[in-house]
Amino acid sequence: MNYLLQQLVNGVSLGAIYGLIAIGYTMVYGIIGMINFAHGEIYMIGAFVSLIAFLALGVAGVTYVPLALLLVLVIAMIFTAVYGWAVERIAYRPLRSSFRLAPLISAIGMSIFLQNYVQLLQGARVKALQPVVEGGITLATGDFPVRVSFLQIFILAITFVLMAGFSYVIAATPLGRAQRAVEQDATMAALLGVDVDRTISLTFVIGAVLAAVAGMMVLLYYGVIDFYIGFEAGIKAFTAAVLGGIGSLAGAMLGGLLIGLIEALWSGYASVEYKDVMVFVVLILVLIFRPSGLFGRPEVEKV
Amino acid sequence: MTAEAGVAAPHRALPKSFAWGALVKDAAIGAAVALVLAVPLVGFRVVEINGDVTLTTRFTWVGIGVVSVFVGRLALGLWRGSRPAERKRSGALVAPLSRFGRRHATGVAWAGIGFAAILQFLPFTTRGTVDLATEILTYVMLGWGLNVVVGLAGLLDLGYVAFYAVGAYSFAITATTFGLSFWEALPIAGLLSALAGILLGFPVLRLRGDYLAIVTLGFGEIIHILLQNWTSLTGGPNGIGNIPRPGLFGLVFAASAPPGETTFHQFFGLDFSPSQRIDFLYYVVLALALIVNLFTLRLRRLPIGRAWEALREDEIACRALGINPTNVKLSAFAIGAMLGGFAGAFFATRQGFISPESFTFVESATILAIVVLGGMGSQMGVVLAAMVLVLLPELRFLAEYRMLIFGAAMVLIMIWRPGGLLSHRAPTILLHGARRP
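Residues numbered from 1 in each chain as written. Chains lettered and ligands numbered in written order. Predicted model: local features only at pLDDT ≥ 70, side-chain atom pairs only at ≥ 80, totals over all residues.

**Notes on the overall build of chain B**
A count of helical and extended segments in chain B gives 19 helices and four strands. Among the 437 residues that make up chain B, the fraction classed as buried is 39%. Within chain B, contacts between residues separated by at least 24 positions form 76% of all contacts whose residues are at least 6 apart in sequence. (Helix = DSSP H or I, 4+ residues; strand = E, 2+ residues; numbered from the N terminus. Buried ≥ 20, exposed ≤ 12 C-beta atoms within 10 Å, placed from the backbone. Contact = placed C-beta atoms within 7 Å.)

**Details of the overall build of chain A**
Within chain A, the secondary structure is distributed over eleven helices and four strands. Here the C-alpha atoms of chain A give a radius of gyration of 19 Å, agreeing with the 19 Å that 2.2 N^0.38 yields for 303 residues. Once the C-alpha set of chain A is aligned to its principal axes, its extents read approximately 65 × 50 × 40 Å. Per-residue burial for chain A yields a buried fraction of 49% across its 303 residues. Summarising the internal contacts of chain A: among those between residues at least 6 apart in sequence, 75% fall at separations of at least 24. (Rg over C-alpha atoms; globule rule 2.2 N^0.38 Å.)

**Topic: the interface of chain B and chain A**
Listed by partner, the interface residues are 45 residues for chain B and 54 residues for chain A. Contributing elements (two or more residues each) for the side of chain B that touches chain A: helix 2 (20-41), strand 1 (44-49), strand 2 (52-57), helix 8 (182-204), helix 9 (209-229), helix 16 (361-374) and helix 19 (402-416) of chain B. If one sorts the elements of the side of chain B that touches chain A by residue count, helix 9 of chain B sits on top with twelve residues. Looking at side-chain class alone, the side of chain B that touches chain A contains 35 nonpolar, six polar and four charged residues. (Nonpolar A, V, L, I, M, F, W, Y, C, P; charged D, E, K, R; others polar.)

**Observations regarding the packing of helix 5 (residues 150-172) of chain A against helix 8 (residues 196-222) of chain A**
All names here are of chain A. Closest axis-to-axis distance for the helix 5/helix 8 pair is 11 Å, and the angle between their directions is 175°. Looking at the two axes, helix 5 sits roughly antiparallel to helix 8. In this structure, helix 5 contributes Leu151, Ile155, Ile158 and Leu162 to the contact, and helix 8 contributes Leu210, Val213, Met217, Leu220 and Tyr221. Here the residues of the contact of helix 5 with helix 8 are counted per class, giving nine nonpolar, no polar and no charged. (Axes fitted to C-alpha atoms, helices over the stretch in contact; angles between N-to-C directions. Parallel < 35°, antiparallel > 145°, perpendicular 65-115°, else oblique.)

**Brief notes about the packing of helix 1 (residues 2-32) of chain A against helix 9 (residues 229-244) of chain A**
All names here are of chain A. It is at 8 Å that the axes of helix 1 and helix 9 come closest, and there the two elements cross at 70°. Compared by their axis directions, helix 1 and helix 9 come out roughly perpendicular. Here Tyr18, Gly19, Ile21, Ala22, Tyr25 and Thr26 of helix 1 come into contact with helix 9, specifically with Ala233, Lys236, Ala237, Phe238, Ala240, Ala241 and Gly244.

**Description of the environment of Pro145 of chain A**
Residues and elements named next belong to chain A. When you line up the elements, Pro145 lands in the loop between strand 2 (136-140) and strand 3 (146-149). In this structure Pro145 comes out as exposed when scored by C-beta crowding, with 11 C-beta atoms within 10 Å. Between the alpha carbons of Pro145 and Asn2 there is a distance of 6.9 Å; along the sequence they are 143 residues apart. Ignoring anything within four residues of it in the chain, the contact list for Pro145 reads Thr138 and Ala140.

**So, helix 12 (residues 275-301) of chain B**
Residue and element names in this part refer to chain B. Between its first and last C-alpha atoms helix 12 spans 40 Å; for 27 residues at 1.5 Å apiece the expected length is 39 Å, and the two agree. Taken together, the buried positions of helix 12 are Leu281, Tyr282, Val284, Val285, Leu288, Ala289, Val292, Asn293 and Thr296. On its buried side, helix 12 packs onto helix 6 (127-152), helix 15 (325-351) and helix 17 (379-391). (Expected span 1.5 Å × (residues − 1).)

**Quick word on the pairing of strand 1 of chain B**
All names here are of chain B. Bridge count between strand 1 and strand 2: six bridges; the pairing is antiparallel. Bridge assignment links Glu48 to a residue of strand 2, and that residue is Val53. The antiparallel pairing of strand 1 with strand 2 creates a hairpin that spans two residues between the two strands, and Asn50 there sits at a positive phi of about 50°. (Pairing = 2+ DSSP bridges.)

**Notes on the pairing of strand 2 of chain A**
Residue and element names in this part refer to chain A. Among the five residues in strand 2, zero count as buried, and that is only a small part of the element. With four bridges connecting them, strand 2 and strand 3 associate as antiparallel partners. Across the sheet, the residue bridging to Thr138 is Arg147, located in strand 3. Linking strand 2 to strand 3, which pair antiparallel, is a turn of five residues; within it Gly142 sits at a positive phi near 130°.

**A word on the environment of Leu175 of chain A**
Residues and elements named next belong to chain A. Mapped onto the fold, Leu175 is located in helix 6 (residues 174-184). With 62 residues separating them along the chain, Leu175 and Phe113 place their C-alpha atoms 31 Å apart. Not counting chain neighbours up to four residues away, the residues in contact with Leu175 comprise Val169 and Leu202.

**Side note on helix 17 of chain B**
Helical geometry: 3.6 residues make up each α-helical turn, so side chains three or four residues apart lie on a common side. Between the first and last C-alpha of helix 17 of chain B there are 19 Å, a value that for 13 residues agrees with the 18 Å anticipated at 1.5 Å per step. All of the buried residues along helix 17 of chain B are Gln379, Met380, Gly381, Val382, Val383, Leu384, Ala385, Ala386 and Leu389 of chain B.

**Quick look at the environment of Gly33 of chain A**
Structurally, Gly33 of chain A can be placed in the loop between helix 1 and helix 2 (39-60). The sequence separation of Gly33 of chain A and Met278 of chain A amounts to 245 residues, and the corresponding C-alpha distance is 26 Å.

**Section: the confidence of the model for chain B**
Residues and elements named next belong to chain B. Per-chain confidence: chain B averages 80 in pLDDT, with 80% of residues scoring 70 or above. Ranking the helices and strands of chain B by mean pLDDT puts helix 15 first, with 91, and helix 1 (residues 3-8) last, with 44. A low-confidence stretch, residues 1-10 stays under pLDDT 50, and its non-local contacts, those more than four residues away or across chains, total one contact. Considering only residues more than four positions removed or in separate chains, one finds that residues 85-92, a stretch of pLDDT under 50, has 14 contacts. Both scores are available for the predicted complex, with the pTM at 0.86 and the ipTM at 0.88. (pLDDT = per-residue confidence, 0-100.)

Shown next as structure tokens:
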């Protein structure tokens, strides 16, 4: 029982990270209808920027942990956002009116490029960071104590705050309105005075900001990163987005949590080697039985 | 400047209304973005010194990068401003070459085949050249296989290496456990790969094309994980060794024949030389590649091939005309998978040893890059791109940057020359009287 509880705690923290990445996929898919393959790489870049920021702060002598966390969070968000913006500007915007496969191929090219860019600049070896946030709360004692670390609480709290803020942006600000308008009908939105290019750019920026947070958290959570982490996390987060219903923000978060739980429970009870296979099986099953996901609308193709 | 001077100026001269301010501003913005992009990842490098993780800086690189972006952006703006009329070109990268190739397609093809056939006997050919040519032809075969899926049917397959792996492993396993020879196991390998393609494609191909991309990407990774962990069947990370080599109608290529068999050099009364086997493998892959090519060229003219191309252009119209999109896509996907399986079986028999190392995402990306660079749908383009992509890493200083270049090339080609090196996306069949675009 305690073991199950512990796995649930781990699964939810992991799921929060996947959820944050999944939002980037689902928003971009909703607004321009393409899978942004480079999104996993944006998350990886977020993790690297966070690592570099932590080390730089260490050199600069910032030792007060909450301040360091806040600074790193802001730095990672800013720099990663620029990467997200640049990727859209360089690789996707020129292809808006191109044939169907073009943006997808461009996206996969961008993903390969960014992966190798980071590998060449930072080296292929795994990078480690000393634990920054230590300690935790013991929920249940016994022969198998259940622990919630402060880090896990931090991850959930940040995710919650971001989700709340983000839902507000989508629901109640001019930017959110513009986004929903472009998502429904880009041409009509443009005719009514919405700056479509700017809205799409901002969508990528928001996605990148959330991915940067996810990258920072994964760095803190596992303590090790390398240039390849974006690939796997990208597939999982995309699965989460599909599971939740592509285009739906709440769905992406819920899908992320479910994928996190599935992964934690599968590695806790079945086998660690095949945990990634399991996630993939979920993706296939969802596509067979419920392609519109939990919250998604069935896709209607118009001529 | 007077009007006469304006007329006399070379045609490349800038128009009078040329906005220098906007140009410089644009370049400055580009440089500023480059600065922000470069500072964290280029400016700092995470290093480990005596187990201590710390940072080193290299801000000179950042400076060089920012200045080159500024200059490059400025130059691009000037170039664009000076030739406004020619902006709307969508031809091939090597336009004259492409035009020549299209006009004399058959001639070029036969010349290429002829050259490939006599490559062994050319004076400058060494063992290394033959090895390299064999590798190129393996990639050509893979490229042609993927071309059916991506180029003809317009489906993006990002895990093509999975079918390559299925082919290689099913050949290796059937050959080592049941003692089948290469020629007996080859069809089995192709069949199993096609089966894998159908099993994977069936649930996904009913949906929008984009899902296929991510599912195949995941599938490539899953196959890799399975190969690594299913030790009892695949040998895990150690792979499978002692894979039999192909023979020529029962003649084996070895220094001495196993009991009851004859070697190639004994039968023909030649002296034994290890290069005989390498030369033979070269001809095997040449023959296989040509068969694949002939097969696809014929398929393109059959109703099914026309349906692929029609589906690529407009799915809704196809559905209205009574084509079942799922079945048509599935057939393309399965045939592509089968061709990948053949290539995999050849790879296994050539190496004599296979392990999961050879079947990673990098391989899928390389094959896709071959198809994209060559121009999706173009058979000749694939050959050219395969040569470029295999020979490029042979230049030592470029080997490290291989994937970086492939990735950037895929983006740039999509933006500037969606047709690829040799542009050919024209449908194979047109209505009477319709002109080729």
